[in-house]
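One letter stands for each residue in the lines below.
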Amino acid sequence: MKIADVRVIVTCPGRNFVTLKITTESGLTGVGDATLNGRELAVASYLNDHVRGLLLGRDASQINDIWQYLYKGAYWRRGPVTMTAIAAVDTALWDIKGKAAGMPVYQLLGGKARDGVLVYGHANGATLDEAVAEVGRYLDRGYRAVRVQCGVPGLATTYGVGKDRDFYEPATAGPRPEEAVWATEKYLDFAPKLFDAVREAHGFGFHLLHDVHHRLTPIEAARLGRAAEPYRLFWLEDPISEELQEGFRLIRQHTVTPIAVGEVYNSIWDCHRLITEQLIDYIRTTVVHAGGITHLRRIFDLAALYHVKTGSHGATDLSPVCMAAALHLDISVPNFGIQEYMPHTPETDAVFPHSYRFEDGMLIPGDEPGLGVDIDEELAARYPYRQAYLPVNRLEDGTMHDW
Ligand code: CS2
Ligand code: MG
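Residues numbered from 1 in each chain as written. Chains lettered and ligands numbered in written order. Predicted model: local features only at pLDDT ≥ 70, side-chain atom pairs only at ≥ 80, totals over all residues. Heavy atoms only, no water.

Moving on, we get to the sheet that holds strand β1 (residues 3-11). One open sheet holds the three strands; their spatial order is β1-β2-β3, and the pairing between them is antiparallel. Two strands in the sheet have a free side with no partner beyond their single neighbour: β1 and β3 (29-33). The average undirected angle you get between the axes of adjacent strands in this sheet is 20 degrees. (Pairing = 2+ DSSP bridges. Helix = DSSP H or I, 4+ residues; strand = E, 2+ residues; numbered from the N terminus. Axes fitted to C-alpha atoms, helices over the stretch in contact; angles between N-to-C directions.)

Here it is as structure tokens:
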């Protein structure tokens, strides 16, 4: 099953995506997501200029060896660009292996361990009333879990609140990032009121999630976690910037609100202390940014030993190729928790035809061989790349802060 062709496809149906397509001599194809928001071309170049030539002629069935070859062979290990590039190759090879075996990838991962993949949707509003109403709209659409984000009084913009109700894309097209202003005290005073209003209006019969988006110190996060306890959140996500894993000990000491982290992590070494010390409850690492199905499975297996469940990132900048691959892991691992689901735009869905479907608050992966997703290259070519950046954040005194 020699690799005969490797193509890197960059397209922008509403937002930029980078996709790797591998074709074997016998014509089997596999796709892998290689999108790194705001740094897309860095991964495209890594694949085109440094990896493509290494794959041609190799046996596509040797996923483990190719993973190690690209990881150890790079000498410069880990990091978002390298691990996203490796992830794209790995995912495409699993797609090919499923097609060669004539079965969906979840069967190669040990089969289904549940009927469907519980997902959460994104309710957001510029005001409290809007956010509360949006939660209701998601519950009416059959979601059993909803993340709520809301504008903070006194702040012009904040994470998670976009112009469009259904599609939230934080990156903006242009030569440099937009600058936002952040004030922790305004947010800390407001957030518990948001949780209170949502529970007051919709009760406790569904999972309620919130993304702090990396902006607090450990003691501020401990304070928010404690203030949130009466509202029984499913999780508080990314409460602090997560480079310092020990920083989570302080949060753990002060609150029982469950903690989720990991969307910016790229390898098991970024989170093994958080897992082995049980400082978190959900690990949010993804197929596209944490080394593909092969490496993500290792992270999930470690997490299972320490009562940590999965909660993979699934925002719009992770393509339908990543979502399709994520669902094969989500439906087969023993310690599945929940999957983030931000639907893509109709343009994006057209470029990436896929068979997973939303049903009764869950996503169900397709049953055809492979991952059940592809890329329409002709359509993709109609949407040329447009430079875009994620925003940056500054405090009211101008200090650079975590976005
Ligand atoms: C977020 C993302 O969905 C989430 O949990 O943290 O929207 C994140 O900001 C983007 O994926 C960054 O590209
Ligand atoms: Mg997040």
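A word on the coordination of the magnesium ion (ligand 2). Donor atoms from the polypeptide that bind the magnesium ion (ligand 2) are D211 (OD), E237 (OE) and E263 (OE), placed at 1.9 to 2.2 Å. The sequence motif formed by the donor residues of the magnesium ion (ligand 2) is D-x25-E-x25-E. A residue pair is termed long-range when its members are at least 10 positions apart, and D211 in strand β8 (residues 207-211) and E237 in strand β9 (residues 235-237) qualify at 26 residues. For D211, a relative accessible area of 2% corresponds to the buried category. (Donors = N, O, S within 2.8 Å, 3.2 Å for Na, K, Ca; no water. Buried < 20%, exposed > 50% of the residue type's maximum accessible area, 1.4 Å probe, protein only.)

Once that is clear, we can look at the side chain of D238. Relative to the assigned elements, D238 resides in the loop between β9 and α8 (247-254). Setting aside residues up to four positions removed in sequence, D238 forms contacts with D211, V212, H213, H214, R215, A260, V261, G262 and E263. (Contact = heavy atoms within 4.5 Å.)

This part takes up the pattern of salt bridges. Evaluation of the coordinates by the stated rule reveals 23 salt bridges. Here E396 makes a salt bridge to K186, at a shortest N to O gap of 2.6 Å. Residue E396 is located in the loop between β17 (392-395) and β18 (400-401), and its partner K186 is located in helix α6 (residues 184-202); the two are separated by 210 residues in the primary sequence. Residue classification places E396 among the exposed residues on the basis of a relative accessible area of 52%. Overall, K186 belongs to the partly exposed group, its relative accessible area being 32%. With a closest N to O distance of 3.1 Å, E237 and R284 form a salt bridge. Of the two residues, E237 sits in strand β9 while R284 sits in the loop between β11 (282-283) and α10 (292-305), which places them 47 residues apart along the sequence. Exposure remark for R284: the relative accessible area of 0% places this residue in the buried category. If you follow the salt bridges from partner to partner, you end up with D5, R7, K21, R52, D374 and E377 in one network. (Salt bridge = Lys/Arg side-chain N within 4 Å of Asp/Glu carboxyl O.)

Now for the packing of helix α5 (residues 128-140) against α6. The contact between α5 and α6 brings their axes to 10 Å, and the two run at 45 degrees. Here α5 lies oblique to α6, going by the angle between them. In this structure, α5 crosses over α6, and the sense of that crossing is right-handed. Each of L128, A131, V132, V135, G136 and L139 in α5 lies in contact with α6, whose residues at this interface are F190, K193, L194, A197, V198, A201 and H202. Tallied by class, the residues present in the contact of α5 with α6 amount to 10 nonpolar, two polar and one charged. (Parallel < 35°, antiparallel > 145°, perpendicular 65-115°, else oblique. Left-handed = near helix turned anticlockwise from the far one by under 90°. Nonpolar A, V, L, I, M, F, W, Y, C, P; charged D, E, K, R; others polar.)

Time to look at the pairing of strand β4 (residues 117-125). Where burial is concerned, most of β4 is hidden: nine out of the nine residues are buried. Here β4 shows two buried faces, one formed by V117, V119, G121, A123 and G125 and the other by L118, Y120, H122 and N124. In the sheet, β4 pairs with strand β15 (residues 362-364) via two bridges, with the strands oriented antiparallel. In the sheet register, V117 faces β15, and the bridge partner there is L363. Bridging between β4 and strand β13 (residues 339-340) involves two bridges; their strand directions are parallel. Each bridged residue has a counterpart across the sheet, and for Y120 the counterpart in β13 is E340. Of the strand pairs in this sheet, β4 and strand β5 (residues 145-150) are connected by five bridges, and their pairing is parallel.

Parsing the chain into structural domains produces domain 1 (3-104) and domain 2 (108-367). Just the C-alpha atoms count here: the centres of domain 1 and domain 2 sit 26 Å apart. The interface of domain 1 with domain 2 comprises 31 residues on the first partner and 34 residues on the second. Taking both partners together, domain 1 and domain 2 bury about 2500 Å²; carbon and sulfur atoms supply 64% of that area. If you sort the residues of domain 1 by the area they bury against domain 2, D33, W94 and P104 come out on top, with a joint share of 24%. There are two salt bridges connecting domain 1 and domain 2. Note that R15 is salt-bridged to E169, the shortest N-O span being 2.9 Å. (Domains from an automatic or database assignment. Buried area = accessible area lost by both parts, 1.4 Å probe.)

Moving on: the site of ligand 1. In the vicinity of ligand 1 lie 15 residues, with Y159, H213, E263, D317 and E340 positioned nearest. Within the side chain of D317, an N or O atom sits 2.8 Å from an oxygen atom of ligand 1. In this structure, E340 approaches ligand 1 through a side-chain N or O atom, which is 2.4 Å from an oxygen atom. For ligand 1, the protein covers 95% of the area, taking 340 Å² as the surface of the free molecule. Looking at side-chain class alone, the shell around ligand 1 contains four nonpolar, four polar and seven charged residues. (Near = heavy atom within 4 Å. Polar contact = N/O pair within 3.5 Å; in protein donor to acceptor, adjacent residues only side chain to side chain. Areas by Shrake-Rupley, 256 points an atom, 1.4 Å probe, with all protein chains shown as cover.)

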